Amino acid sequence: MTITTHPLVARARHLADSLLEPEAARVDQEGVPAGHIEAVKRSGLLGVTAPVEYGGAGAPAAVLRETAEILAGACCSTWFVQTQHHTPVQTLVRGEPAARERLLGPLSRGELLSGVAYAHLRAYPRTPVRVRRQDGWWRFDGSVPWFTGWGLNDLMLLAGVTEDDEVLFAFVEAREQPGLRASAPMRLAALSAARTVSLELDGLRVPEDAVALRIPYAQWAPADRAKTLNTNPAVFGLASAALSLLDNRTAAPLRARLAELRHRAYALADHPEPLERAEERLAVRAEAYAALTEATTAAVVTGGGRAMSLTSRAQRLAREGLFLLVQGQTAETREAHLRALAG
């Protein structure tokens, strides 16, 4: 499904073919190894949309989407660890100067890998993580239900809500330290390999120069909502990988439908007003998930009894498809998806 000729697309394809896909079954059972992360760091893919002046590629969104498709279709667990990194990069581009000048270069060049701990913000007006000033530091208290890449990330972009209803994002070393404790890695139906943990924060102290962004929640929320309305490119990468396991006669109509949905989804993603046509975005998103489910189901049916083996690619893709159904889910996207399923 490649449509661009950017060098990073070719680099992603080489990484997928030479390392990620051949090792995906083992990674699914044993976990994403440090060597995979080092290969991603060396590839330049962590800086795909980062500013050129900070060592990034400055590539358009279409290139980020296409590299995401390739990586997700090859090894969804590795894709999921590295995809978190692009939010910290994009946050620093518009964020506080001190953190930007200290960290944007290393993150853009792939010298550091950052995860994210901010999905709990979507629970507002509940505030699972609270932030307040104390003795010249920012103090974080509360619980982070999900943090992916524990033991693989160098940093995390941690968010909480202040007493003034501001959202505060700050960079913290991704390791246990005073005020930060991690659970054991979660055992999940899919992507346990991505090393997801929960975090307990009890007086974690963060200095002012680690703050990446402070913004009123009312200003942050619409931009976050816009991201969740669009279809995740990983859906198309995973579906394409599943269709590669079918014969041409079976795959052809499914592939045509997938291509049409991809075109519509990306046209909406590129629309200059990110919150316009919200209902259409949600409808296309639901259709894309339905196409993914059809593709992975067809792959399992084609595989027959062999697909029940944990080493089966079809079965792994089906489980990864289930994961994508709920990854990044909000109340709004859940309701739209359920309406679509109900016909």
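Quick note: structure is the one above.
So, a few notes on the structure that sits alongside this text.

### A short note on the overall build of the protein chain
In terms of regular secondary structure, the protein chain is built from 12 helices and eight strands. Against the globule reference of 20 Å for 343 residues, the protein chain gives a C-alpha radius of gyration of 20 Å, in line with a compact fold. Out of the 343 residues belonging to the protein chain, those deemed buried represent 53%. Here the analysis covers contacts within the protein chain between residues at least 6 apart in sequence; of these, 73% occur between residues at least 24 apart. Accessible surface, the protein chain: about 15100 Å² in total, of which carbon and sulfur atoms supply 54%.

### Thoughts on the state of the cysteines
Evaluated as defined, the whole model comprises zero disulfides. With no disulfide of its own, Cys-75 lies closest to Cys-76 among cysteine sulfurs, the gap being 7.8 Å. Judged by relative accessible area, Cys-76 falls into the buried class, the value being 0%.

### A word on helix α3 (residues 61-74)
Between the first and last C-alpha of α3 there are 20 Å, a value that for 14 residues agrees with the 20 Å anticipated at 1.5 Å per step. Against α1 (7-30), α4 (76-83), α5 (86-93), α8 (233-243), α9 (248-269) and α11 (313-326) lie the buried residues of α3.

### With respect to the side chain of Asn-153
Locating Asn-153 in the fold gives a position in the loop between β3 (137-148) and β4 (155-162). Assessed through its relative accessible area of 6%, Asn-153 is described here as buried. A distance of 3.2 Å separates a polar atom in the side chain of Asn-153 from the backbone nitrogen of Gly-115.

### Here's the deal with the pattern of salt bridges
Tallied over the entire structure, the rule returns 24 salt bridges. Note that Lys-41 and Glu-38 form a salt bridge whose closest N and O atoms lie 3.8 Å from each other. Of the two residues, Lys-41 and Glu-38 are both situated in helix α2 (residues 34-43); the distance of three residues between them amounts to about one turn of the helix. Judged by its relative accessible area of 37%, Glu-38 is partly exposed.

### Considering the packing of aromatic side chains
The final tally for this structure, using the stated rule, is nine aromatic pairs. Centre to centre, the rings of Tyr-124 and Tyr-217 are 3.9 Å apart; their planes meet at 20 degrees, and the pair counts as stacked. Here Tyr-124 is found in the loop between β1 (114-117) and β2 (129-134), whereas its partner Tyr-217 is found in helix α7 (residues 217-229), with 93 residues between them in sequence. Ring centres of Phe-169 and Trp-220 lie 6.2 Å apart, and the angle between their planes is 50 degrees; this geometry places the pair in the tilted category.

### Let's talk about the packing of α3 against α8
Their axes nearest at 7 Å, the elements α3 and α8 cross at an angle of 45 degrees. Taken together, the axes of α3 and α8 lie oblique to each other. The way α3 lies across α8 gives a crossing that is right-handed. Across from Arg-65, Ala-68, Glu-69, Ala-72 and Gly-73 in α3, the residues of α8 making contact are Pro-233, Ala-234, Phe-236, Gly-237, Leu-238 and Ala-241. Taken together, the residues that form the contact of α3 with α8 break down as seven nonpolar, two polar and two charged.

### Considering the environment of Ala-286
Mapping Ala-286 onto the fold places it in helix α10 (residues 278-303). Among the residues examined, Ala-286 registers a relative accessible area of 6% and is labelled buried.

### What about α11?
Taking 1.5 Å as the rise per residue, α11 with 14 residues should run 20 Å; its terminal C-alpha atoms sit 21 Å apart, in good agreement. For α11, the tally of buried residues reaches 10 of 14 residues, placing the bulk of the element in the interior. The set of residues buried in α11 consists of Ala-314, Gln-315, Arg-316, Leu-317, Arg-319, Glu-320, Gly-321, Phe-323, Leu-324 and Leu-325. As for α11, its buried residues are in contact with α1, α3, α4, α8, α10 and α12 (331-341). Looking one or two residues past α11, Gly-328 carries a phi angle of roughly 70 degrees, positive in sign.

Calculation notes
- Residues numbered from 1 in each chain as written.
- Predicted model: local features only at pLDDT ≥ 70, side-chain atom pairs only at ≥ 80, totals over all residues.
- Heavy atoms only, no water.
- Helix = DSSP H or I, 4+ residues; strand = E, 2+ residues; numbered from the N terminus.
- Rg over C-alpha atoms; globule rule 2.2 N^0.38 Å.
- Buried < 20%, exposed > 50% of the residue type's maximum accessible area, 1.4 Å probe, protein only.
- Contact = heavy atoms within 4.5 Å.
- Areas by Shrake-Rupley, 256 points an atom, 1.4 Å probe, with all protein chains shown as cover.
- Disulfide = S-S within 2.5 Å.
- Expected span 1.5 Å × (residues − 1).
- Polar contact = N/O pair within 3.5 Å; in protein donor to acceptor, adjacent residues only side chain to side chain.
- Salt bridge = Lys/Arg side-chain N within 4 Å of Asp/Glu carboxyl O.
- Phe/Tyr/Trp six-rings, centres within 6.5 Å; stacked < 30°, edge-to-face > 60°.
- Axes fitted to C-alpha atoms, helices over the stretch in contact; angles between N-to-C directions.
- Parallel < 35°, antiparallel > 145°, perpendicular 65-115°, else oblique.
- Left-handed = near helix turned anticlockwise from the far one by under 90°.
- Nonpolar A, V, L, I, M, F, W, Y, C, P; charged D, E, K, R; others polar.

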